[in-house]
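Architecture and fold: a report
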Amino acid sequence: MTGAAALGARRVRARVVDSIAIATAGQLPAGMQANVDALVRETHRVLRSAFDRFEGVDPAGRDVLDLSELGVKSLRGGTTQRPGGLDVTDIRQPWLRQILVTWIAETKPNTTEARRGLRVCNAASRALDLRPGGGMDPSALVFADMNAVVDTFRVLPKLDGGAMSSKQRGALLSFFFKILDYNRAAGHLDGMSASFARHSSHVIKAEEVDEDDVGKALPESVIAQLGPAVLLAGLTQDVAFSFTDTGVLELDPAMNDRGLGRSVLLAFTAGLAACDRVLVHSSTAASWTTAAAARTGVDLGDKLHIVPAPRDVRLVRDPADITPPEGRATGIYNHRLYRHYGTARFTRLARRLVADAPVRLTVMDLFGTRSPERIRLDPSPERHLEELATTDGVTIASDRGDRIRYRNLLAGAHFGIAPFRPGCPWSMSVIDCQAMGLPVIGPRTGWLAEHIDHELLFDTDEQAVQIAQRLATDAEFYLVQAKRAYASTADLTPAAVAARYLEAIK
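Owing to the predicted nature of the structure, the values given are computational and were not obtained by experimental measurement.

Attention now moves to the overall build of the chain. When helices and strands are counted, the chain shows 18 helices and 13 strands. Taken over 506 residues, the chain has a buried fraction of 46%. Partitioning the intrachain contacts of the chain with sequence separation of at least 6 by distance along the chain shows that 70% fall at a separation of at least 24. Element-wise, carbon and sulfur atoms account for 52% of the exposed surface of the chain, whose accessible area totals about 24700 Å².

This is the structure:
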């Protein structure tokens, strides 16, 4: 044994380890003598791999792959000697994990390419995990499964969560296809469905919006044009009231806790009086705001403007990529389960839909586990969630705050359901569905009656069941409604909305 190796062995023994071969990575020395430490770690890696082979353990079958053992190259060209490995535990589908390992073992990529392969396979795994069957059986995969994978890459963020350019996302998608195509050509995927393959539509188009402005209410280019003049503008995303068809003012239950609704209304109209500009999202909201202002003696004059909220560029899908349901449809309810959203009314409709129409429902849990304090304030979401979870034909799902998971949940549905909230002046959840090309059915009330196509509005549960059944079984009707849904959001691009903001606050 060399002097350095003997020294390393003594240091390992000092940590009460009988053999380098059986030491764990955490028991190995580090940080004192770099060359000796590196030698000890490399000796440990070689011995551990030898023991694995002796015991019949395939190095490629481990959850954490040894890049050196697989022959991965360093950036300088030789086999990498760096310690550490590639953790593939997040790839849930065994076949997908295997094609990554096979590609690495047979093509000998460098460390950067190997880690890029892990990244794209992790992304594909997340997309397939949300599909029927979880993507576990490669022979059962269909074209829609590949669409879901491609959709995931279309909105893939950077590792730090920031926005990634379309060019980078396109390169990562191509890298995934490179791994898939290699394994097909090498005969490792003979049992895979031919439908699970790249199509000419599977491209990531260059975006027309400035990605630096994504998520900003006002892009920097707009702010730069405002000049030194400062105006006080108020945005009424929600209103504390609504009006019936006969002109009766009704306070929103969410803002009328313990009879505070009138006080909230007075504070709201006082804010209207103080603003130089008042921005609302819809014609319905403008009508209600004007009526409330008039009743409290506030003259809005010409300072009221309609400026809708922009659609999320990550939640946009071309209707040409949409496949109609084939006799059975999945509806999605992506709204909060508060009592004042009309959740009890929705729950009643949900039972009718799954019982009387060829429909299954996905209900999103947007809250997760709330604190006891929040539950004491309003326990209705937990109560409604429990009731819906025990209804046959209803699946509870959560995006866990992940925008990619949210997009995949929408892409896996065929239509959306609007909330039963009488005072609804706008709903981004409805817009999310429509921008993805999902027809949205809804009660004939408030802004919903203004925005949703008249053929998808209903007054009774029976009408809602009939509409859902037609969406599930009439492909032509479905595709027409999908195109109309998408078209209803065409004016909600960030650039178009920013221009309306700019015009409103001049």
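Moving on from the model shown.
The subject of this paragraph is the pattern of salt bridges. This model, assessed by the stated rule, comprises 21 salt bridges. A salt bridge links Asp-459 to Arg-444; the shortest N-O distance between them is 3.2 Å. One end of the pair, Asp-459, is in the loop between β13 (457–458) and α16 (461–473); the other, Arg-444, is in the loop between β12 (440–443) and α15 (446–451), with 15 residues separating them in the sequence. Given the relative accessible area of 47%, Asp-459 is considered partly exposed. You can call Arg-444 partly exposed: its relative accessible area is 42%. The residue Arg-470 makes a salt bridge to Glu-455 at a minimum N-O spacing of 3.9 Å.

Reading across the sheet, the six strands line up as β10-β9-β8-β11-β12-β13 and stay open at both edges, with parallel pairing between neighbours. Either end of the sheet is taken by a strand with one partner, and the two such strands are β10 (394–397) and β13. Where strand β8 (residues 329–333) and strand β9 (residues 359–364) come together, five bridges link them in parallel fashion. If you follow Thr-330 over to β9, its bridge partner there is Arg-360. Of the strands in this sheet, β8, β9, β10, β11 (415–417) and β13 are in contact with helix α10 (residues 343–356), which crosses β9 at around 150°.

Quick look at the packing of aromatic side chains now. Counting across every chain of the model gives nine aromatic pairs. When the centroid spacing of 6.3 Å and the interplanar angle of 45° are considered together, the rings of Tyr-338 and Tyr-341 count as tilted. Taken together through their ring pairs, the aromatic side chains of Phe-153, Phe-176 and Phe-177 make up a single cluster. The positively charged end of Arg-421 is found above the aromatic ring belonging to Tyr-341, 4.9 Å away from the centroid. Directly above the ring of Phe-477 sits Arg-470, whose terminal nitrogen or CZ lies 3.8 Å from the centroid.

Within the secondary structure layout, His-335 lies in the loop between β8 and α10. Here Asn-334 takes part through its side chain, which lies 3.5 Å from a polar atom of the side chain of His-335. At 2.8 Å, the side chain of His-335 and the backbone oxygen of Ile-417 are in polar contact. Ignoring any residue separated from it by four or fewer positions in sequence, one finds His-335 in contact with Tyr-341, Met-364, Leu-366, Ile-417, Ala-418, Pro-419, Ser-427, Ser-429 and Val-430.

It is at 8 Å that the axes of helix α4 (residues 111–129) and helix α5 (residues 143–154) come closest, and there the two elements cross at 125°. What the angle tells us is that α4 and α5 run oblique. For α4 against α5, the interelement crossing comes out right-handed. Counting all contacts with α4, which are made through Val-120, Ala-123, Ala-124, Ala-127 and Leu-128, the residues of α5 involved are Asp-145, Ala-148, Val-149, Thr-152 and Phe-153.

Counting buried residues along β9, five of its six residues qualify, which places the element largely inside the surrounding structure. Viewed along the sheet, the connection from β8 through α10 into β9 turns out right-handed.

Further remarks concern helix α9 (residues 283–295). Taking 1.5 Å of rise per residue, the 13 residues of α9 would be expected to cover 18 Å, and the 19 Å separating its terminal C-alpha atoms lies within 8% of that figure. Taken together, the buried positions of α9 are occupied by Thr-284, Ala-285, Ala-286, Trp-288, Thr-289, Ala-292 and Ala-293. In the core, the buried residues of α9 are packed alongside β4 (241–243), α8 (261–274), β6 (277–280), β7 (304–306) and α15. Gly-297 lies just past α9 and shows a positive phi near 80°.

Turning to the sheet that holds β6, a few remarks are in order. In a beta sheet, neighbouring strands are held together by backbone hydrogen bonds and run either parallel or antiparallel to one another. An order of β3-β6-β7 is seen for the three strands of this open sheet, with the pairing classed as parallel. This sheet does not close on itself; its edge strands, each paired only once, are β3 (233–236) and β7. Along the sheet, successive strands turn relative to each other by an average axial angle of 25°, direction set aside. As paired elements, β6 and β7 share three bridges and run parallel to each other. Among the inter-strand pairings, Leu-279 is bridged to a residue of β7, identified as His-305.

Once that is clear, we can look at unusual backbone geometry. The phi dihedral of Lys-108 falls on the positive side, at around 50°, and the residue is not glycine. Mapping Lys-108 onto the fold places it in the loop between α3 (94–107) and α4.

A word on the packing of α3 against α4. Helix-helix packing is described using two parameters, namely the angle between the two axes and the distance between the axes. As a packed pair, α3 and α4 sit with axes 10 Å apart at the nearest point and diverge in direction by 165°. Relative to α4, the element α3 is oriented roughly antiparallel. Considering the relative orientation of α3 and α4, their crossing is right-handed. Contacts between α3 and α4 involve Trp-95, Leu-96, Leu-100, Trp-103 and Ile-104 from the first element and Glu-113, Ala-114, Gly-117, Leu-118, Cys-121, Ala-124, Ser-125 and Leu-128 from the second. Considered class by class, the residues forming the contact of α3 with α4 number ten nonpolar, two polar and one charged.

With that settled, consider helix α13 (residues 403–411). One turn of the α-helix equals 3.6 residues, which is why residues spaced by three or four share an orientation. Across the nine residues of α13, eight count as buried, placing the element largely inside the fold. The complete set of buried residues in α13 reads Ile-404, Arg-405, Tyr-406, Arg-407, Asn-408, Leu-409, Leu-410 and Ala-411. Buried residues along α13 sit against α4, α5, β8, β9, β10 and α14 (428–435). Where α13 begins, the capping side chain belongs to Asp-402, and its oxygen is found 2.8 Å from the backbone nitrogen of Ile-404.

Let us now look at the side chain of His-451. For His-451, the position within the fold is in helix α15. Engagement of the side chain of His-451 in a polar contact is seen with the side chain of Gln-434, the distance being 2.6 Å.

Further remarks concern the confidence of the model for the chain. Summing up the model confidence of the chain, the mean pLDDT is 83 and the portion of residues at 70 or higher is 79%. Mean pLDDT across the elements of the chain bottoms out in helix α1 (residues 3–14) (47) and peaks in β11 (98). Confidence drops under a pLDDT of 50 for residues 213–217, and excluding neighbours within four residues, the segment shows five contacts in the predicted structure.

The rules behind each value
Residues numbered from 1 in each chain as written. Predicted model: local features only at pLDDT ≥ 70, side-chain atom pairs only at ≥ 80, totals over all residues. Heavy atoms only, no water. Helix = DSSP H or I, 4+ residues; strand = E, 2+ residues; numbered from the N terminus. Buried < 20%, exposed > 50% of the residue type's maximum accessible area, 1.4 Å probe, protein only. Contact = heavy atoms within 4.5 Å. Areas by Shrake-Rupley, 256 points an atom, 1.4 Å probe, with all protein chains shown as cover. Salt bridge = Lys/Arg side-chain N within 4 Å of Asp/Glu carboxyl O. Pairing = 2+ DSSP bridges. Axes fitted to C-alpha atoms, helices over the stretch in contact; angles between N-to-C directions. Phe/Tyr/Trp six-rings, centres within 6.5 Å; stacked < 30°, edge-to-face > 60°. Lys NZ or Arg CZ within 6 Å of the ring centre and 35° of its normal. Polar contact = N/O pair within 3.5 Å; in protein donor to acceptor, adjacent residues only side chain to side chain. Parallel < 35°, antiparallel > 145°, perpendicular 65-115°, else oblique. Left-handed = near helix turned anticlockwise from the far one by under 90°. Right-handed = clockwise from strand over helix to strand, strands pointing away. Expected span 1.5 Å × (residues − 1). Nonpolar A, V, L, I, M, F, W, Y, C, P; charged D, E, K, R; others polar. pLDDT = per-residue confidence, 0-100.

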